[in-house]
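Listed below are the residues making up each chain.
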Amino acid sequence: YLQENYSDEYAEMGKVNSYISYGPQWAEAGSSPFKYYKGFTTEGGMNSPMIIAGPGVENIGNINDSFLTLLDLAPTFFELAGVDYPNQWKGKAVKPLIGKSLIPLLTGKSNSIHDSTYVFGLEHGGYAMIRKGDWKILNIERPFLVENFQLVNLKTDLAEQIDLKESYPEKYQEMLGEWESFSKEVGVVIPTPKSQDKN
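These numbers were taken from a predicted model, which means no experiment stands behind them. (Residues numbered from 1 in each chain as written. Predicted model: local features only at pLDDT ≥ 70, side-chain atom pairs only at ≥ 80, totals over all residues. Heavy atoms only, no water.)

Engineer: Lay out the packing of aromatic side chains with the relevant residues and their values.
Structural biologist: Summed over all chains, the structure comprises 13 aromatic pairs. Relative to Trp179, the ring of Phe149 has its centre 5.3 Å away and its plane inclined at 55°; by these criteria the two rings are tilted. Of this pair, Phe149 sits in the loop between strand 5 (135-139) and strand 6 (150-153) while Trp179 sits in helix 6 (residues 169-186); the two residues are 30 residues apart in sequence, bridging distant segments of the chain. The residues Phe149 and Trp179 share a single accessibility class, namely buried. Each residue in the set Tyr36, Tyr37, Phe40 and Tyr127 is aromatic and connected to the rest through ring pairs, giving one cluster. The aromatic ring of Tyr127 is capped on one face by Arg142, whose charged end is 4.2 Å from the ring centroid. (Phe/Tyr/Trp six-rings, centres within 6.5 Å; stacked < 30°, edge-to-face > 60°. Helix = DSSP H or I, 4+ residues; strand = E, 2+ residues; numbered from the N terminus. Buried < 20%, exposed > 50% of the residue type's maximum accessible area, 1.4 Å probe, protein only. Lys NZ or Arg CZ within 6 Å of the ring centre and 35° of its normal.)

Following this line, the structure appears as structure tokens:
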């Protein structure tokens, strides 16, 4: 289908019929030193640089490696616009924003936005992760089974090479509890593995 309907020619790049991909091997090389690449819940699949400039940005020329997410952009935009996020829309309650404004970081009043108690979770295509402070559990095994979650400490192992669940069983259980809470809150649905499917 791709070959019949799209072009990978350099001259077509950026056009509607363009489909250029350099494949998983180069994708992993391009995300080095992180593990794997886009589509995975590893740092190689999620970690991305961001450059912010403009009026009000006083923290100029500095590199900050603190943890931020896309969820932090909306609260930032609301604060910059000087408007409050609505708690109702057409008489119905609106869920609150779960990110935090980046303004304290941009103005140099803070070096980070989230503290060590902030929990961020993600499920994408059957891969999953929870991050809390420097700790992270991730599951990139198929089929998805909760026991396949690995525990890593990103402060000492940003490449996610060392599974610490046997060394830190209490932290592992804590993070699994965070996964359970997150998955219930957002309604994560994982397909039943074929080996357990009774149909």
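Engineer: Tell me about the pattern of salt bridges, and please be specific about residues and values.
Structural biologist: All told, the structure shown has 6 salt bridges when counted by the stated rule. Lys132 is paired through a salt bridge with Glu178; the nearest N and O atoms lie 2.9 Å apart. Here Glu178 lies in helix 6 and Lys132 lies in strand 4 (residues 127-132), a separation of 46 residues in the sequence. Across the pair Lys184 and Glu180 runs a salt bridge whose closest N-O atoms are separated by 3.2 Å. Of this pair, Lys184 and Glu180 both sit in helix 6, 4 residues apart, which is roughly one turn of that helix. Several salt bridges converge on common partners, so that one network encompasses Lys132, Lys171, Glu174 and Glu178. (Salt bridge = Lys/Arg side-chain N within 4 Å of Asp/Glu carboxyl O.)

Engineer: Can you lay out the pairing of strand 5 for me, pointing to particular residues and giving the numbers?
Structural biologist: Counting buried positions along strand 5 yields 5 of 5 residues, so the element is predominantly enclosed. Side chains Trp135, Ile137 and Asn139 project from strand 5 onto one buried face, and the interleaved Lys136 and Leu138 project onto a second face that is buried too. Examined bridge by bridge, strand 4 and strand 5 share 5 bridges and lie antiparallel to one another. Looking at the pairing, Ile130 lines up with Ile137 of strand 5. The loop that links strand 4 with its antiparallel partner strand 5 comprises 2 residues; one of these, Gly133, has a positive phi angle of about 65°. As defined by bridge partners, strand 5 adjoins strand 6 across 4 bridges and the pair is classed as antiparallel. Note on strand 6: the bridge partner recorded for Trp135 is Asn153. (Pairing = 2+ DSSP bridges.)

Keep in mind these values describe shape, not function.
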